[in-house]
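Structure at a glance
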Amino acid sequence: MAAGVDEESAKAALRSDGLNARSLADALAELKATRLSMRFPEDFVLGCDQVLALEDGTMLDKPEDRDDARRQLTRMRGATHRLISAMVICQAGRPVWRHIEVAKLTIRAFSDAFLDD
């Protein structure tokens, strides 16, 4: 069920507060779970989010189009990045459990021809 959260606005506000990737993923997961759990106070509601962070701390969002995807893949080529997955369970609008997992991923150094294909 969609939480009805304006994710782009929430991300912008949280980033302007200086949150790092781990804290951003956690805050977004909590926001989603809290919003729905207030509508269903007796239920346990799971909210989740993922943030992709490059080694220099830069966070990447879903690409807007094919050209943006190409730019992101080119930037990630031959480098390691972190995929931070956050999960928060809320009941009656309050968090009761949370977990954050980080996967380190490395994209091999591929050619422009490979990317073109």
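Use the structure listed above.
To keep things clear, this report deals only with the structure shown in the data block. (Residues numbered from 1 in each chain as written. Predicted model: local features only at pLDDT ≥ 70, side-chain atom pairs only at ≥ 80, totals over all residues. Heavy atoms only, no water.)

Describing the environment of Asp68
This is how the line gets drawn: Here a strand is any run of E in DSSP of at least two residues, a helix any run of H or I of at least four, and the numbering for each starts at the N terminus. The contact criterion used is simple: two residues touch if any of their non-hydrogen atoms lie within 4.5 Å.
Positionally, Asp68 belongs in helix 3 (residues 66-76). The contact partners of Asp68, leaving out residues within four places of it in the chain, are Lys62 and Pro63.

Regarding the packing of helix 1 (residues 7-16) against helix 2 (residues 21-39)
We apply this condition: The axes are straight lines fitted to the C-alpha atoms, using for helices just the contacting stretch, and the angles between their N-to-C directions are given from 0 to 180°. Angles below 35 degrees are treated as roughly parallel, those above 145 as roughly antiparallel, those between 65 and 115 as roughly perpendicular, and all remaining angles as oblique. Take the far helix as your reference; a near helix turned counterclockwise from it by less than a right angle gives a left-handed crossing, and one turned clockwise gives a right-handed crossing. As a working rule, the residues Ala, Val, Leu, Ile, Met, Phe, Trp, Tyr, Cys and Pro are called nonpolar, Asp, Glu, Lys and Arg charged, and the rest polar, with Gly in that last group.
In contact at an axis separation of 11 Å, helix 1 and helix 2 are set at 135° when each is read in the N-to-C sense. By the criterion of interaxial angle, the relationship of helix 1 to helix 2 is oblique. Helix-helix and strand crossings are classified by hand; for helix 1 and helix 2 the assignment is right-handed. Two secondary-structure elements touch here, helix 1 through Glu7, Ala10, Lys11, Leu14 and Arg15 and helix 2 through Leu24, Ala27, Leu28, Leu31 and Lys32. Among the residues forming the contact of helix 1 with helix 2, the class breakdown is six nonpolar, no polar and four charged.

Quick notes on the packing of aromatic side chains
The line we're drawing: Any pair of Phe, Tyr and Trp rings, taking the six-membered ring for Trp, is counted once the centres come within 6.5 Å. Such a pair is stacked with planes under 30 degrees apart, edge-to-face with planes over 60 apart, and tilted for the rest. Using a 1.4 Å probe on the protein chains alone, a residue whose accessible area is under 20% of its type maximum counts as buried, one over 50% counts as exposed, and one in between counts as partly exposed. Only Lys NZ and Arg CZ are tested; either one counts as a charge over a ring when it is within 6 Å of the ring centre and within 35 degrees of the ring normal.
Under the definition given, this model contains one aromatic pair. Arranged with centres 5.8 Å apart and planes meeting at 50°, the rings of Phe110 and Phe114 form a pair that is tilted. With relative accessibility at 9%, the residue Phe110 sits in the buried group. Residue Phe114 is classed as partly exposed on the basis of its relative accessible area of 47%. The side chain of Arg108 reaches across the aromatic face of Phe114, ending 4.5 Å from its centre.

Some words on the pairing of strand 1 (residues 45-54)
Side-chain direction in a regular strand flips from residue to residue, so the side chains alternate between the two faces of the sheet. Selection rule: Between any two strands, at least two bridges found by DSSP are needed for them to pair.
With seven of 10 residues buried, strand 1 lies mostly within the body of the structure. Of the pairings in the sheet, the one linking strand 1 to strand 3 (residues 80-91) comprises 10 bridges and is antiparallel in character. By the bridge assignment, Asp49 is partnered in strand 3 with Ala86. With two bridges joining them, strand 1 and strand 2 (residues 59-60) adopt antiparallel strand pairing. Note on strand 2: the bridge partner recorded for Ala53 is Met59.

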